[in-house]
Every structure is written in C-alpha cells, then in structure tokens.
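# Observations on the model geometry
As a plain string of letters, each chain reads:
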Amino acid sequence: MSDKPLPTIDPDSAPFWAACGEGRLDLPHCRACARPHFPPRALCPHCHEVGCDWRAAAGTGTIHTFTVARRPAHPGFKDEVPYVVALIDLDEGVRMMSNIVTDDPDAVAIGQRVEVVFDKVTDDLTMPKFQRID
Ligand SMILES: [Zn+2]
C-alpha cells in the first residue's frame, strides 16, 4: 500500500482514471462546442454546456513550466527526490500537471517535447506521467 497522497477519483474524473488504467490518456470533449478540457468536470469551461464524450489524446505535449522538488512535499515522496513537477500543454490544447520521469532533473527545460507514460501506483490507480521524446 502506498503511503503517498493520491488523487481523489470522483464521478467527473472516473472515466479519465479508468482510461489511464488501460494505458490510454482520454480527455473529455464537450458535445456542444467539441473542445477538450481538463481537469474533467460536469460543465464545459468554454461554453458551460453539460455533457462530454471521452476521446483518446495523442499523449504528446510540451513542458509549459516545471519545478524540481528537492525536498519531498509529503513524507510519502521522500524516496523520490529530486523529482520534477511540471505543467504540460498537451497537443489537444489542455494543460495538465504531472511529473516528468527522468534520471536527470537538471536537463529538464521549458519547451521540451514529452510523451505520456503510465505509472501503476496501486491496483486501482494508474497515474499519467511524462518523459522527454528526444
Ligand atoms: Zn463546450
């Protein structure tokens, strides 16, 4: 059992986490305006309509900004420092907070291209993380 704080899975985000468990990065797309959004929510943040369809994202994006955590934000992460927390702009146009998986945090830079990798944290939770493409 992990002693790390884990994301809360609610009805809006359950399809997202289920897809991650199957190795897919799915995004909610509004049925009214067709635009994707993240994090998942009941109301489209663009047009405020209710209802979305889930579609697989390409899983690629660009690092918008990042920070290297050299002290754990929670005791559960003490064995992982230093680790990289980043905002990633997915190619679909949504922004996602995640980790950059790397052996060399000092080589991470804004603007680098990344792709999703899946980290099975528990039997019920697989987290999307990202690694450099080049
Ligand atoms: Zn919409």
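Bear in mind that the values here come from a model prediction, so they are computed numbers and not experimental data.

We now examine the nonpolar core. Grouped together as the largest cluster of nonpolar side chains are 17 residues, with contacts concentrated most on A86, I88, I100 and F130. Elements supplying a minimum of two residues to this core: α1 (14–21), β3 (60–69), β4 (83–90), β5 (95–100) and β6 (113–122). Ignoring any residue separated from it by four or fewer positions in sequence, one finds F130 in contact with A86, I88, S98, I100, V101, V114, E115, V116 and V117.

A word on the pairing of β6. Here is the key point about a regular strand: its side chains alternate between the two faces of the sheet. Taken together, the three bridges between β3 and β6 define a ladder with antiparallel strand orientation. The partner of G61 across the bridge, within β6, is V114. Bridge analysis of β6 against strand β7 (residues 125–132) gives eight bridges, and the strand direction is antiparallel. Bridge assignment links T122 to a residue of β7, and that residue is L125. Here β6 hands over to β7 after two residues, the two strands then running antiparallel side by side.

Take α1 next. All buried positions along α1 are accounted for by F16, A19 and C20. The buried side chains of α1 occupy one side of the element, clustering within an arc of 100° when seen end-on. Just past α1, the residue G23 takes up positive phi, approximately 80°.

Parameters at a glance
- Residues numbered from 1 in each chain as written.
- Predicted model: local features only at pLDDT ≥ 70, side-chain atom pairs only at ≥ 80, totals over all residues.
- Core = buried A, V, L, I, M, F, W, Y, C linked by C-beta atoms within 7 Å.
- Buried ≥ 20, exposed ≤ 12 C-beta atoms within 10 Å, placed from the backbone.
- Helix = DSSP H or I, 4+ residues; strand = E, 2+ residues; numbered from the N terminus.
- Contact = placed C-beta atoms within 7 Å.
- Pairing = 2+ DSSP bridges.
- Arc of directions from axis to C-beta.

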